[in-house]
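Fold and geometry: a report
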Amino acid sequence: MSAHEKLSRRQVLRGVLGGAAVSVALPMLECFLDPNGTAYAATGASLPPIFGTWFWGLGLIPDHWEPKTTGDKYELPEHIAVLAPIKAKLNLYSGMQVFLDGKVNQNHFSGAQCQMTGMVSRTGSEYTTSLDSILGNHIGKRTRFRSIEVSCDGDRKSTWSARGANGMNPSEVSPLALYARLFGADFKDPNSADFTPDPAIMVRRSVLTGVAEQRKALMMKVSATDRTRLDEYFSSVRDLEQQLSVELERPSPVPSCSVPPKIESEDIGTLVDQTRNTHRQFAQLIAHALACGQTQVFNMAMGSSFSPLRKPGEATAYHQLTHEERIDPQLGYQPKCRWLAEQQMAFFLEMVQTLDSIREGDATLLDRSVVFAYTDHGEARLHSMKRYPVFTAGSGGGRMKTGFHLAAEGDAATRVGLTIQQALGISTGSWGTETNRATKPFSELLV
Amino acid sequence: MNTGTAIGNVISQTRMSQMKTSARFLQMRLLQLPVLLAGVSLCAWASPSLAEPVQAAGDPATSLSFVRLTPEQYRRSIEDVFGSNIRVKENKVSPGFRDEGLLALGTRKLTIGSAEMEQYEELAQDIATQVVDPNRRAMLVGCKPKSEQEADNACAGAFLKKVGLYLFRRPVADDELQLYVATQNDAAQKLHSFNAGMIAALSQMLVAPEFLFRVEYSEPVPGHPDEQRLDAYSRASRLSFFLWDSAPDGELLAAAQSGKLLTQEGLNQQVQRMLLSPRTERGLRAFFTDMLGFDGFATLTVDSTLYPKFTKNVLEDADEQTLRTIVDQLLVKNKSYGELFVTRETFLTPSLAALYGVPLPRSQELGGAVPWVAYKFPDNDPRIGILSQVSFLSLNSHPGTSSPTLRGKALREKLLCQKVPPPPGNVDFSLVQDVNNPKFKTARQRLTAHASEAMCAGCHKITDPMGFALENFDTSGAFRTAEHGEPIDASGSLNGKAFNGMQELAQVVKDAPGTTACLINRAYSYGTQRKPTKDERTWLTSLQTELGNDGVKWRELMRRITLNADFYTVPTAPPLTARAEQ
């Protein structure tokens, strides 16, 4: 890879944008890959970037998680010390906020909505295309699955992923079901010597093509209010056609791809141990699916933003605890809430380490990923929209520097989403609406 | 419940057993539209037939609107067409969101995402494969192919035209049918199998927007060209999904096809017929499942270590108990809606009986053949009406503690159609954060202290006084007289009327004018899946006044709503909906 090729991307982003959206298409796969580990040794083909989101409810304990210094020499405070093993591959962002711009704070909704869509809506029934969909359209068009959504608390509604304005992508809640979907009968092992296109899949694809061909006739007759919804339906038909097309192509060999051990049982629930186990099972499945090229986008939610997480024997669940547990005067915080928050940080560590455990040449699966971890409130007890804890893990194939703490006091939390978009090659100079419109990425992270 | 291949299955096992569930019954249902079975050759499709729509779909004057089928409506539609032996796997589509208190209104805004499409395609393949299974094909498909290895356009065409009518809830147009037959032809040739061709064509119908959505066609109102109403087939669907929670049957489609359904007399005939059908139970159950928020049971958590009698069986039985009570009171006994709040009659399983602390007949405790038995609580028992049932009590509690606030909020929002504002940000809970504080042993004490804060008082005054009367029931719904050793004070008030305990609360809720007004408004919105217009609200108010004297009875309410012409109008500018509840 030449220096010129590397520079041109940064030059384009820095020089052309000037705060406004531009339409310069940047090539993704060939030009910007780190030579150390993001290409197959055998074929020389580039490994594509991965984007994932990781949502946890109810934030962290304010004043206890922010490092005292910024840059790459910071120390992790005790509250998030569990993340030490991945510190070098992590970025931590502090001080940011979500602006309501006069709208009612939809508690446990508006904050996460803004970080995933760039906007805060007037009501809880409005949502729009989320960050994962924006990135998926850019980096993940040729995979079997457009994206994978999971929730670890048994609630399918626990999702912040959406395409268009009419409905969020529901989460899978069963690891058994996800295993069947990813590695069931339709899975084609990319490393298998035998490959014959399945004529039954060709027929299934033709069936969908026939449905898609009805689009024009129906769109002419549909009322204006329903047109977008119908169009989204046909987009989903096309996605499935694409998925079947991928299954008809001989997959490129992927040395790091292996089928995970079959999941024999699951125990879905909201106790900490249950959530941990479900999260662990999902993490394994998603990591293997990513390594096998089944998808490049995933969304993991620990559960609802009104977190039902619970310690065994404890009468009160996490969300209720944030509002009812006394702040210990000696400690200065709500001890049970802190414990639950730290459990979730341990889950995050496990997800990141699972990605990092899959080696791809000299690098790992995590190294070509950007995992965006976000939450609903800066301080859940007060429904605060300030001082959000935000993390990213992974460098997206050398596109983002890692190991930094960045303090952005008072800035819009959408800066992180903008930074990720630019890092992964989307040529936009801003993201978000009203005061949440970010025009300034964390350029110090962009390679 | 797998009782054969009947189209017209109903919900309760007892009723199910009374129905003709044989293959012969299915064939009779399909024969209700004889012309469809007559068309066994491709030529028949091109000729005008009784099955042509009154107003052709696709006429430039028509416009379309879409409402996604619920998972339950999808399942029932399949069972109605192909029989209950066809297994419909669990449908994991998004449950959607509430608008104006109902999922039905939120459903009007839903589309189908990629992961959902993947599920629908898998379901379609699975269902189509079952339909052409050698054990069923002769009965369901109705014709024998010339060869098992080749396409048979005539046989396929006859079958697809026949089922297309039921799946799309309107006749399949000739050009559409040709596409499906072509799909069958291509697939059979590629895979050298007639069955594979049929699976391809049928699964194509099952993923088509015309099946996955209720497509509503509108047409100008005769004499009022500026106004729009549903066309005959869309009217049939609105009626059917409202009253039966499923697709129209052959008779209703025939009434649409002949145009009779657009006349007041024809409409009246169909409504009378439909309300006498056992399928009315489905519609009633679907409506109350939505209105009472029973979708919440999918994610309900009650701590079984703290409440060991709240078993998995209790969780599974809770909503069914309430639905059985409602069906019994409103349909079987034809009682008025208000009776739901004061009836002592209900149905119990051994698990529920254990939680309620009541004896069941010994045969039941040993596991009777039918787990449900009728039970009547004594007159002096604290259990009275559906508010004292575990469904309402546990669904509106925290996992480990009861909540007068959540219960009062549910009463206001679900049963009185009122809106309770969300809690403000920056709430200071320090006064009540310690649930083990010896000063605040009961929920009343904690909340009274909390509500003394000016910023909190407003909302808690709305919710808590109603919820306090239910404090004799803990999170699991079990009865108690004390909390942390402190006797429970179950006094409260609603709209200035004071009461003490469950029995008096039940009577106050029954008598409140807002209770029946709420039901009437919710039912109307549920049926149209939109907010009522100004004119409709006026009509609903007059209906409440009229029905209120004798109490609102379910069948009469359904009859009044479905005979009102406005129920089928299509507002030119749909009214804006308010925020969805979380």
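Residues numbered from 1 in each chain as written. Chains lettered and ligands numbered in written order. Predicted model: local features only at pLDDT ≥ 70, side-chain atom pairs only at ≥ 80, totals over all residues.

**As for the overall build of chain B**
Selection rule: A run of DSSP states H or I qualifies as a helix once it reaches four residues; a run of E qualifies as a strand once it reaches two. Both are numbered from the N-terminal end. Put plainly, a residue is buried at 20 or more neighbouring C-beta atoms within 10 Å of its own, exposed at 12 or fewer, and partly exposed in between, counting only other residues' C-beta atoms, which are placed from the backbone. The contact criterion used here is simple: two residues whose C-beta atoms, placed from the backbone, lie within 7 Å are in contact.
What chain B contains, in helices and strands, is 27 helices and 10 strands. When the 582 residues of chain B are sorted by exposure, 51% land in the buried category. Across chain B, the fraction of contacts at a sequence separation of at least 24, relative to all contacts at a separation of at least 6, is 69%.

**A short note on the interface of chain A and chain B**
Counted only if it meets this: By the convention adopted, Pro, Cys, Tyr, Trp, Phe, Met, Ile, Leu, Val and Ala count as nonpolar, Lys, Arg, Asp and Glu as charged, and the other residues, Gly among them, as polar.
Of the residues lining the interface, 56 residues belong to chain A; the matching set on chain B comes to 60 residues. Elements that contribute at least two residues to the side of chain A that touches chain B include exactly α5 (199-212), α6 (215-221), α7 (224-247) and α9 (318-324) of chain A. Broken down by element, the residue count for the side of chain A that touches chain B peaks at 10 residues, all from α7(A). Grouping the constituent residues of the side of chain A that touches chain B by class yields 20 nonpolar, 20 polar and 16 charged.

**Describing the sheet that holds strand β3 (residues 224-230) of chain B**
Residue and element names in this part refer to chain B. Let me state the cut-off plainly: Here the rule is simple: two strands pair whenever DSSP picks up at least two bridges between them.
Read across the sheet, 4 strands follow the order β1-β2-β3-β10 without closing on themselves; strand pairing throughout is antiparallel. Of all the strands in the sheet, the pair left with one neighbour each is β1 (64-68) and β10 (569-570). As paired elements, strand β2 (residues 213-221) and β3 share 4 bridges and run antiparallel to each other. Residue pairing across strands places Ser218 opposite Leu230, the latter belonging to β3.

**Digging into the confidence of the model for chain A**
Any region with low pLDDT has predicted coordinates that should not be read closely. All names here are of chain A. Rules: Confidence of the predictor at the level of single residues is given by pLDDT, which spans 0 to 100.
In the predicted model, chain A carries a mean pLDDT of 87, and 89% of its residues have values of at least 70. Scored below 50 in pLDDT, residues 1-38 makes 60 contacts in the model with residues more than four places away or belonging to other chains. This model gives residues 40-44 a pLDDT under 50, and the stretch forms 8 contacts once residues within four places in sequence are excluded.

**A few points about the confidence of the model for chain B**
Residues and elements named next belong to chain B. When pLDDT is averaged along chain B, the result is 81; 80% of the residues meet or exceed 70. Note on residues 1-61: pLDDT is under 50 here. Beyond four places in sequence and across chains, it has 115 contacts. Per-residue pLDDT stays below 50 along residues 574-582; that stretch engages in 24 contacts with residues further than four places along the chain or on separate chains. Confidence metrics for the complex model read pTM 0.80 and ipTM 0.81.

**Describing the environment of A:Ala301**
All names here are of chain A. Checked against the element boundaries, Ala301 lands in strand β4 (residues 297-301). Given 26 C-beta atoms within a 10 Å radius, Ala301 is considered buried. Along the primary structure Ala301 and Leu178 are separated by 123 residues, whereas in three dimensions their C-alpha atoms are 15 Å apart. Not counting the four nearest positions on each side in its chain, Ala301 is found in contact with Phe55, Ser151, Ser158, Thr159 and Ser171.

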